[in-house]
Structure formats: structure tokens, C-alpha cells
Number of protein chains: 2
Amino acid sequence: MAQKRVVIAGMGFGGLRAAKELAGSGVELTLVDRHNYHLFQPLLYQVATAGLEQEAIAYPLRALTRKWDQATFVMAEIVSINLSGRTVVTDGGELPYDYLVIAAGSRTNFFGMESVQQNSFDLKSLAQAEVLRNHILIMFERASRERDSTIRSALLTFVIVGGGPTGVEFAGALRELIVYVLAKDYPSIATEETRIVLVEAADSLLTALPEKLRLYAAEKLRNMGVEIQLQAKVVGASSEAVEFSDGSRIASHTLLWSAGVAASKLAGTLTGVQFGSSGRVVVQPDLTLAEYPDVFVIGDMACCQHEGGALPMMAPVAIQQGVHAARAIKASLRGETLPAFRYFDKGAMATIGKSSAVATAKGFSFSGYLAWLAWLLLHLYYLIGFRNRAVVMMSWTYAYWFQDRQIRLITTNRRRSSQFQEKHIDQRVA
Amino acid sequence: MAQKRVVIAGMGFGGLRAAKELAGSGVELTLVDRHNYHLFQPLLYQVATAGLEQEAIAYPLRALTRKWDQATFVMAEIVSINLSGRTVVTDGGELPYDYLVIAAGSRTNFFGMESVQQNSFDLKSLAQAEVLRNHILIMFERASRERDSTIRSALLTFVIVGGGPTGVEFAGALRELIVYVLAKDYPSIATEETRIVLVEAADSLLTALPEKLRLYAAEKLRNMGVEIQLQAKVVGASSEAVEFSDGSRIASHTLLWSAGVAASKLAGTLTGVQFGSSGRVVVQPDLTLAEYPDVFVIGDMACCQHEGGALPMMAPVAIQQGVHAARAIKASLRGETLPAFRYFDKGAMATIGKSSAVATAKGFSFSGYLAWLAWLLLHLYYLIGFRNRAVVMMSWTYAYWFQDRQIRLITTNRRRSSQFQEKHIDQRVA
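For clarity, every value in this text was computed on a predicted model and none was experimentally measured. Residue indices follow the written sequence of each chain, beginning from 1 at its first position. Starting at A for chains and at 1 for ligands, labels are handed out in the order in which the entities are written. The model is predicted, so local features are restricted to residues of pLDDT at least 70 and side-chain atom pairs to those at 80 or more, both for listing and for counting; the totals for chains, interfaces and linings are taken over all residues.

**Section: the overall build of chain A**
Thought 1: Under the DSSP-based scheme used, a helix requires at least four consecutive residues in state H or I and a strand at least two consecutive residues in state E, with every element numbered from the N terminus. On a plain count of helices and strands, chain A comes out with twelve helices and 27 strands.
Thought 2: Radius of gyration: over C-alpha atoms. The globule rule applied is 2.2 Å multiplied by the number of residues raised to the 0.38 power. Since a compact globule built from 430 residues should have a radius of gyration of about 22 Å, the 22 Å found for chain A is in line with a globular shape.
Thought 3: Counting all 430 residues of chain A, 52% fall into the buried class.
Thought 4: C-beta atoms are first placed from the backbone for all residues, and any pair lying within 7 Å is then listed as a contact. Looking at chain A alone, contacts between residues at least 24 apart form 64% of all its contacts between residues at least 6 apart. Residues with at least 20 neighbouring C-beta atoms inside 10 Å of their own are called buried, those with 12 or fewer are called exposed, and the rest are partly exposed, where every C-beta is derived from the backbone.

Put into C-alpha cells, the structure is as follows:
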């Protein structure tokens, strides 16, 4: 019997777990990603706030494939998927498959607001995180030389849209960067001159968490000095202001958009499939496509009904679905069928600042120091690679003891930063 | 008495040492640099060969000024220096001074060969090191998919021009990256297919070292698998080949140019001064300008006669001159005069590979393991910042034990790398 070819398209949390589960199982495994590394997205906000170097949260994929028999990594952009011809079409050629796991993740959803897309930062890639870090520091450099108080105030106002974990964690980390580090670096700038505004369209932050934790997180952020605007809707942006649906505006040069995600554009190239909310691909209870039982869609790209609703777009779902898809393929090779995918809700968490986080697990709610410690340990545990864990642990220990962040470097030519951002937006849109 | 204003233009080795020496001495100190960090240039080649993250060899300058009284950091590009008007003209305004230390360093010297400048990499900035690292990895990615053996060979050929410490250290580190790491990452590429050619116009490598060490270094590199071409002169380059004066060419997509440096372009803006070799500014024995006894020029920018010749453009010279300039300013404030600058030759060193280096000190020559250990310790000692030392030590230990380099990430979109390179060349030329 010829060996079966399994292609995994996308090496985020879902694709990576599927690959680990299939490695060494006798199939011919091909992993495809546009980057040559797996990115630990939950810590991107720390790269953007000068807490971690980008290298610490990325793991080279070839370091995995070289350990595995019959596993190949292909660094390529996936152009489309030819379901009837059973090939993945990349910019470097076509990859035939017997089984396919589509795990291309999500992109930021700007809900069609072009002015926001053009004038905001988002946090989906390493390059974007570094661009944002440079930009924040450049705002302080410019403000330190600016005498006009109106311009100065706009330079020192940071608007974050989206009260989910990314928005909350970024707001807290940015506030700590300013209070502990930048306030000392820039003696001519008073902390009171800086402003962080966290904007959320719903009536509370962290809507996935129980009310008690939502209130704790909001109170904690407010005590730290973060302004929270609930039930506020951003409708547009320029490079110097953010506009709201009630006609008000905030003068600011920095808008981080973390208000929503949509399935990767790759989803749109699939023909003969059904789409759910956020452009996600509707999957069968076993995560396959209705017409193509050998094609699995997992993670942020999949719209998977579970206990009356679609599962959320988050890492634990992708990881569990990756395991399921891999096991289903192995079962199929043995002529067996697995029962439908069942999601096991392990809980959710978000860190707010030093010694402060919120978490739920098995119906219990935690907040404060213990939740923060649990957050640290879980993130270290899920980070891949001994060196990455060591660097991150060292950075966290250093930051904790010295209240300092040494990575506050502007690594691009400052006069080129706007160009840089344009380019990175191009890239995202392309 | 009004406080004296001292401006230090450039925060490389010389400027930094002058600043440290003047900090807290009662002068009003202004430090200027186009970057917001001091760069430890001797380890740039390790960033380019995936051994260190860029953040590990840079230290934020505001972390220094915030500890010092009456010290200000200005992040700005210096446009020119108005010697008669006693101001430093930057793109962010003018800075008046009573004393000035010019320490703007050097740039790569392409000796007027435009085709080389357009088609080569150089190693003077963090951005360049990261661009080169990405490029090397992209060459392996492309080669792994390439079937045409001629193209494949050109992709896997790396030409380094200049047999000084940078060329030697980069050649050794690149060879180790290929043999220990990339050979395993890319099973479809045989190590024998890769080629590293180190080109030097003189008749030996490391001409600053005694003959015994030069021969040791060359033999060691050859044993590692690096080709050495002596008395060979590059006269041109395209994106796919390097051309020699004898009409021969090497098909290669990667040319690292480390064959020479010239004084920063800032030197050319000085009027009424004398220029020595490599566009350097001729200084008096006390490092001042003949007509301007309150203006010091130090480091790579200075042409300083010493024991019958001009001092070389290297870090130890800059460091000692930085100390001298600072002490001379302090003496001048007390109405005293220092004796002329005297250079104390502490020796020179270069590392070749794991457990192998060459060094001279006080007339003695060392090679092998001990020289390598001395190299490691000295570089750690001169690196600034506790965190940087810890990260570098950890990376070196990790690389030593596991023969691995985890930072082999392609951090730019691979299809944009050529654009990236263009941009970085623009920036360099600008």
C-alpha cells in the first residue's frame, strides 16, 4: 500500500498540534506555512510593549520536522485549495494530498472600515508587534521635543479598541511600560500627560468571563490609570484621531485595533462549502467538510457547532481540534471512525498587570496573584522550546525585580516608521 | 559661573565612554545619536548568523541618562556641525555647546564601486544584521526547492570580502551555522553543495596580528571548510555574481562586504579642517581640532598620528580616546591642560569558531581554546547591561551544548526581502 500523504496548511496552534500527533505515525507529512516559525500569539502584546524580544515567542518549524521521520516543511504562501483535484496550491507549486488539515487561522476584522484599517495597528504577526513597539517609543521621542500641548497630548494618547484579552493585556502592559520605565526615561514628560483609553462596544470587558471577573479586571485597570469606555463604537480613524459613532473623537496617533477577527482569506477560496459567521467554514461534527470527508478544517477557520453555539476563535479550541483531526486521520487509516469532536472547556484567563490576572477553570473563578501565577506558568508551559522558555522566564523575572524593560529599542529608522507601517498594512491586505 | 554645555555627537564606543567619564562632573551633558541605543558592534556578526537576537547587543541610551544628573539624550540625525557658531545642527533643531566631542564613527567603504554597494550586504547596523540573517535563511529555503544545479549552487555560495576580524568571524560563524544547524534543517541540501569563500586583497588574513596567528586562523578556517582567496580583488558585483580583477567571477547571491571603512559622512560637513586617509579628520595630539581647542574628534572619525602612523579604526582606540577627551574637558574646566593622548595597545583578537580564537596581548600570542575563552569573557565584560550579558551568556551556553541556534527565523515576508534590502541600502547611502 502506498503511503498516505497528509498536508497540514498552517502552523498555528491547531496545525502544530495536529502535526505533533501525526508525526511518526507512518504517514508522509507535509507542513506548510508562510513563515518558517510557529508563533506564540498570546505573548505578541509583550513584544509590542518592550517586554520580550520577538525571537523568544517564535519557534523554527524545521527544528521540529528534522526530528520527525517522513516530515517535510514547506515555507510557502497558500494561494488556494483545489478540493476536487486534492491539491494545495502554493506560490511555490502544488502539493497533492490524501488527507488535508486546513488550519490557516484568522486575520483582523476591520468590519469594512477602510480608514481604521489604514490608520491602526494590529497584533497578528511579529513584524506588526515590532512596528508597534517602535511606534510607541517614537511617540515618546517626539513628545519629548514637542512644545505645543495639543500635539503633545495627541502623541501621548493611546487608544485600544476591543475589550477582549488582547485589548486588556495590551492596555495593562502599556500602562506599566509607561509608569515604570518611560516615565523615568523621559523626565520632561509627566505620567499625567499620557492617556490610555480602552474602548469596547459591549457593556463590559472580557465578555467571555463571569461578571465578577469582568468587574475585577475593569476596576484593576482603572486603578492602574487606564480609561475604559464601554458601549462606545469606533466608526473611523485618521493618523491623528479616532472617531466614534456619537460624533465624538479622541486626538491620538496610536490606535490598536483588537476588536475582532475573521477567518483567513484562504477560506474564501474554497468552493462548494458553507460559511458561518466571520467568514468561517462550516464543518461537520467530525470537523470534516460535508462533501470531502478527507478534508478537516480546524481552529479559527472552522465554524463548529457545539452545545447550541459556534465554538469561539481561541487557542484551546484549535489545539483540541488539531488533536481530533490527527486522531481521526489515524483512525481512518485503520478503517475506523472516531466519534464526533467534543470540546472540553478548560476555562479562560487574562493578565492585567504585575501580580494581577483573572481566570476561570471548571466553574471556579480566580483573580489576583494566584491567577497571575497560573497565567505565567501556563504560558511558559505552552511556549515551545527550552531556549524560548528560558529567555521568557528570565525576562519576566528581570522585569518583576527591576521594574524595567530593556528591550525599549527603536529598531527601525524613525523617519521610516510610517513607511514601514504602510508596508506592513499592504502585506496584511495582500 | 554658568554651567558649561558639553555635547557628545555619536554614542558608539568612544562617545559612550566619554559620556560615562563626564557624567556627574557638573557639566550639562547632551548625548546625541540617531538610534536610541548603543550598539555593541563586535557581535553584529552573531546576529547575522542566527546566534543572538538583536536586542541582546543593544542598550537603551535613556537607561543611562536617567541615572545621571544634568544629562539629556537627544535622538536625532546630525546634519552638520557649525564650528564657528558652536552648534550641532540636527534634524530636530540646533544644540549649542561649549565643548564638543565628535564621535560619529565610520561607514562601510565601497571604494566607489557602485555595483558592489548596490548588491552587497554590510554589517554596521542591527537592521542590516537582521536583513542578512533573513537573506541567508531564504537562500536555503529557495535552494531546497530548486532543481537546477547551477542556480542551486549560486544560492548556496556565500562570498565574504575582507579578511579582517569581521570577515573571519562571520565566515567561521556562518560555516558553523550551516554544518551544525542548517544541514539538519534541510535534509535535501548536502553540506558539500554549500560554499563559503573568504576573499582578501592582501596576502594574508588578519593583517594586524603576528604571522603565527594569521597562519593559525587561515588553517583553522580551511579545516572548517571555508575557502580562502588571498591577493584577490573584487571589482564589481551583480545580485547573482561577484566579479574579480582577473576577470573571473563567482556565481553567488550573497556578498558580505567587510573590506574597509571610512569616516562618517559627518566629517565631510566640517569646514576648515584637514582630512587624512579614509576621510578621517586630522586631530592634534590632544585630539582637538587645530583651530577649535574645545572640539574633540575621537574614534573611527579621527586621524590621530601615534608612534609614526595613524591609529587604526577600532573600538579600543575609540574607548581610550573617549576617556582622554572627557578628562581633557574636565581639566580645562579647572584651568588645567592634559598631556597629549597616548594610546596603550592592549592587543587584538578574533574568534574563528567553537573553542578556537587568536589573540595578542603585551607581545604574547595565544590561539585555540584559551584565546577563545578570553574572547568570550572580554566580550561579555564589555557588553553593557545585566540583562544583555545574561541573554548572551545563555545563548552561548545553549549553542555550545546543543550545537543549535534557535534564532533561525525569517522575520520579514520572504517576498519582500529584496525590497527590504533596497530600503536598507537607501538608508545607508542617505
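From this point, the narrative continues.
**Quick notes on the relation of the copies chain A and chain B**
Thought 1: In this comparison the copies share one frame, found by least squares on the C-alpha atoms of residues holding pLDDT of at least 70 in both. Once turned by 180 degrees and shifted 0.0 Å along the axis, chain A lies on chain B with an RMSD of 0.0 Å. Here the transformation between the copies is reduced to the relation of a two-fold axis.
Thought 2: Most of the interface of chain A is mirrored in chain B: 100% of its interface residues are interface residues there too.

**Here we look at helix H11 (residues 386-402) of chain B**
Thought 1: Between the first and last residue of a helix there are one fewer steps than residues, each counted as 1.5 Å, and that sum is the expected span. For H11(B), built from 17 residues, the straight-helix expectation of 24 Å at 1.5 Å per residue is met to within 8% by its first-to-last C-alpha distance of 24 Å.
Thought 2: Buried residues of H11(B): B:Arg387, B:Asn388, B:Val391, B:Val392, B:Ser395 and B:Ala399, and no others. Seen along its axis, H11(B) keeps its buried residues to an arc of 125 degrees; they face one direction. Turned more than 90 degrees off the buried face of H11(B), the exposed positions are B:Phe386, B:Thr397, B:Tyr400 and B:Trp401.
Thought 3: Check the buried side of H11(B) and you find it contacts helix H11 (386-402) of chain A together with strand S4 (58-60) and helix H10 (369-382) of chain B. The arc in question is formed by the directions pointing from the helix axis toward the C-beta atoms.

**Some details on the sheet that holds strand S26 (residues 356-361) of chain A**
Residue and element names in this part refer to chain A.
Thought 1: Strand order in the open sheet formed by three strands is S25-S26-S27, and the pairing between neighbours is antiparallel. Single-partner strands in this sheet number two, and they are strand S25 (348-353) and strand S27 (364-368). The average angle at which neighbouring strand axes cross in this sheet is 10 degrees, direction not considered.
Thought 2: Paired strands, as defined in this entry, are two strands with at least two bridges between them according to DSSP. Judged from the five bridges that link them, S26 and S27 form a sheet pairing that is antiparallel. For Ala361, the partnering residue across the bridge sits in S27 and is Phe364. Between N-to-C directions, angles cover 0 to 180 degrees, with each direction set by a line fitted to C-alpha atoms, over the stretch in contact for helices.

**Considerations on the packing of helix H1 (residues 13-22) of chain A against helix H9 (residues 315-333) of chain A**
To characterise two packed helices, one gives the angle between the axes of the helices and the distance between these axes.
Residues and elements named next belong to chain A.
Thought 1: In the contact formed by H1 and H9, the axes pass within 7 Å of each other and the chain directions differ by 35 degrees. Read as a crossing pair, H1 and H9 show a hand that is right-handed. On H9, the residues touching Phe13, Gly14, Gly15, Leu16, Arg17, Ala18, Glu21 and Leu22 of H1 are Ala315, Ala318, Ile319, Gln321, Gly322, Val323, Ala325, Ala326, Arg327 and Ile329.
Thought 2: All amino acids are sorted into three groups, where Ala, Val, Leu, Ile, Met, Phe, Trp, Tyr, Cys and Pro are nonpolar, Asp, Glu, Lys and Arg are charged, and the leftover types, Gly among them, are polar. Within the contact of H1 with H9, the residues separate by chemical class into eleven nonpolar, four polar and three charged. Here a crossing is taken to be left-handed if its near helix is turned anticlockwise relative to the far helix by less than a right angle, and right-handed if that turn runs clockwise.

**Points about the sheet that holds strand S5 (residues 71-75) of chain B**
All names here are of chain B.
Thought 1: The mixed open sheet is built from six strands, whose spatial order is S5-S2-S1-S9-S21-S20. Only two strands of the sheet have a single neighbouring strand rather than two, namely S5 and strand S20 (288-289).
Thought 2: Pairing of S20 with strand S21 (residues 292-297) involves two bridges; the strand directions are antiparallel. Counterpart to Leu289 in the pairing with S21 is Tyr292.

**A few points about the nonpolar core**
Thought 1: Note on terminology: a nonpolar core is any set of buried Ala, Val, Leu, Ile, Met, Phe, Trp, Tyr and Cys residues joined through C-beta atoms within 7 Å. A:Ala9, A:Ile102, A:Ala217, B:Ala9, B:Ile102 and B:Ala217 are the most contacted members of the largest nonpolar core, which totals 284 residues.
Thought 2: Those residues in contact with B:Ala217 that sit more than four places away from it in its chain are B:Val168, B:Leu205, B:Leu206, B:Ala350, B:Ile352 and B:Val358.

**Digging into the domain arrangement of chain A**
Thought 1: What marks off one domain from the next here is an automatic or database domain assignment. Per the domain assignment, the segments of chain A are domain 1 (5-34 + 76-108 + 262-333) and domain 2 (114-257 + 347-429).
Thought 2: Using only C-alpha atoms to locate each centre, domain 1 of chain A and domain 2 of chain A end up separated by 31 Å.

**Overview of the environment of B:Val6**
All names here are of chain B.
Thought 1: When you line up the elements, Val6 lands in strand S1 (residues 5-9).
Thought 2: Judged by the 28 C-beta atoms lying within 10 Å of it, Val6 is buried.
Thought 3: As a C-alpha pair, Val6 and Leu266 span 260 residues in sequence and 18 Å in three-dimensional space.
Thought 4: Dropping the residues within four chain positions of it, Val6 is found in contact with Leu22, Val27, Glu28, Leu29, Tyr97, Asp98, Tyr99 and Ile329.

**Examining the interface of chain A and chain B**
Thought 1: Contacts between the two partners involve 34 residues from chain A, matched on the other side by 34 residues from chain B.
Thought 2: Of all the secondary-structure elements, those providing two or more residues to the side of chain A that touches chain B are strand S4 (58-60), helix H5 (126-145), helix H7 (165-185) and H11 of chain A.
Thought 3: Looking at the side of chain A that touches chain B, its residues break down into 14 nonpolar, ten polar and ten charged.

**Considering unusual backbone geometry**
Thought 1: With a phi close to 60 degrees, A:Ser355 is a non-glycine residue in the positive phi region.
Thought 2: Assignment of secondary structure puts A:Ser355 in the loop between S25 and S26.
Thought 3: Within the chain, B:Arg86 stands out as a residue other than glycine whose phi angle is a positive 55 degrees.

**Side note on the pairing of strand S26 (residues 356-361) of chain B**
Residue and element names in this part refer to chain B.
Thought 1: Counting buried residues in S26 gives five out of six residues, a clear majority hidden from the surface.
Thought 2: Bridging between strand S25 (residues 348-353) and S26 involves five bridges; their strand directions are antiparallel. Its bridge partner lying in S26, Met349 is registered against Ala359.
Thought 3: Count of turn residues in the S25/S26 antiparallel hairpin: two residues, of which Ser355 carries a positive phi of about 60 degrees.
Thought 4: Following S26, the chain reverses through two residues before pairing antiparallel with strand S27 (residues 364-368); Lys362 in that reversal takes a positive phi of roughly 50 degrees.

**A closer look at H5(A)**
Thought 1: Relative to the 28 Å expected for 20 residues at 1.5 Å per residue, H5(A) spans 29 Å between its end C-alpha atoms, a close match to the ideal helical length.
Thought 2: Summarising burial for H5(A): 17 of the 20 residues are buried, a large majority.

**Observations concerning the environment of B:Ser278**
Residues and elements named next belong to chain B.
Thought 1: With respect to the helices and strands, the residue Ser278 is situated in the loop between strand S18 (261-263) and strand S19 (281-282).
Thought 2: A tally of 17 C-beta atoms within 10 Å means that Ser278 is categorised as partly exposed.
Thought 3: Here the alpha-carbon distance between Ser278 and Ala318, two residues 40 residues apart in the chain, equals 16 Å.
Thought 4: The contact partners of Ser278, leaving out residues within four places of it in the chain, are Asn109, Val261, Ala262 and Ala263.

**Here we look at the pairing of strand S21 (residues 292-297) of chain A**
Residue and element names in this part refer to chain A.
Thought 1: Sheet analysis places strand S9 (residues 99-102) next to S21, joined by three bridges and oriented parallel. Looking at S21, one finds that Leu100 is bridged to Val295.
Thought 2: Linking strand S20 (residues 288-289) back to S21 in an antiparallel pair, the connection comprises two residues.

**What to know about the packing of helix H7 (residues 165-185) of chain B against helix H8 (residues 211-224) of chain B**
All names here are of chain B.
Thought 1: Viewed as axis vectors pointing N to C, H7 and H8 meet at an angle of 25 degrees, and their least axial separation amounts to 10 Å. With respect to H8, the axis of H7 lies roughly parallel. Here the hand of the crossing between H7 and H8 comes out left-handed. Seen from H7, the contacting residues are Val168, Ala171, Gly172 and Arg175; seen from H8, they are Ala217, Leu221 and Met224.
Thought 2: Among the residues making up the contact of H7 with H8, the classes are represented as five nonpolar, one polar and one charged. To sort the angles, those under 35 degrees are grouped as roughly parallel, those over 145 as roughly antiparallel, those from 65 to 115 as roughly perpendicular, and the leftovers as oblique.

**Here's the deal with the environment of A:Phe341**
All names here are of chain A.
Thought 1: In this fold, Phe341 is placed in the loop between H9 and S25.
Thought 2: Take Phe341: there are 25 C-beta atoms within 10 Å of it, and that puts it in the buried class.
Thought 3: Separated by 13 residues in sequence, Phe341 and Ala328 place their C-alpha atoms 9.4 Å apart.
Thought 4: Apart from the residues within four sequence positions on either side, Phe341 is in contact with Pro285, Asp286, Leu287, Cys304, Gln321 and His324.

**Looking at the confidence of the model for chain A**
Residues and elements named next belong to chain A.
Thought 1: The predictor rates its confidence in each residue with pLDDT, a number between 0 and 100. Predicted confidence across chain A gives a mean pLDDT of 93, with 95% of residues reaching 70 or more.
Thought 2: Predicted confidence for residues 413-430 stays below pLDDT 50, and this span has 16 contacts to residues more than four positions away or in other chains.
Thought 3: Interface confidence for the predicted complex, given as ipTM, is 0.91, next to a pTM of 0.93.

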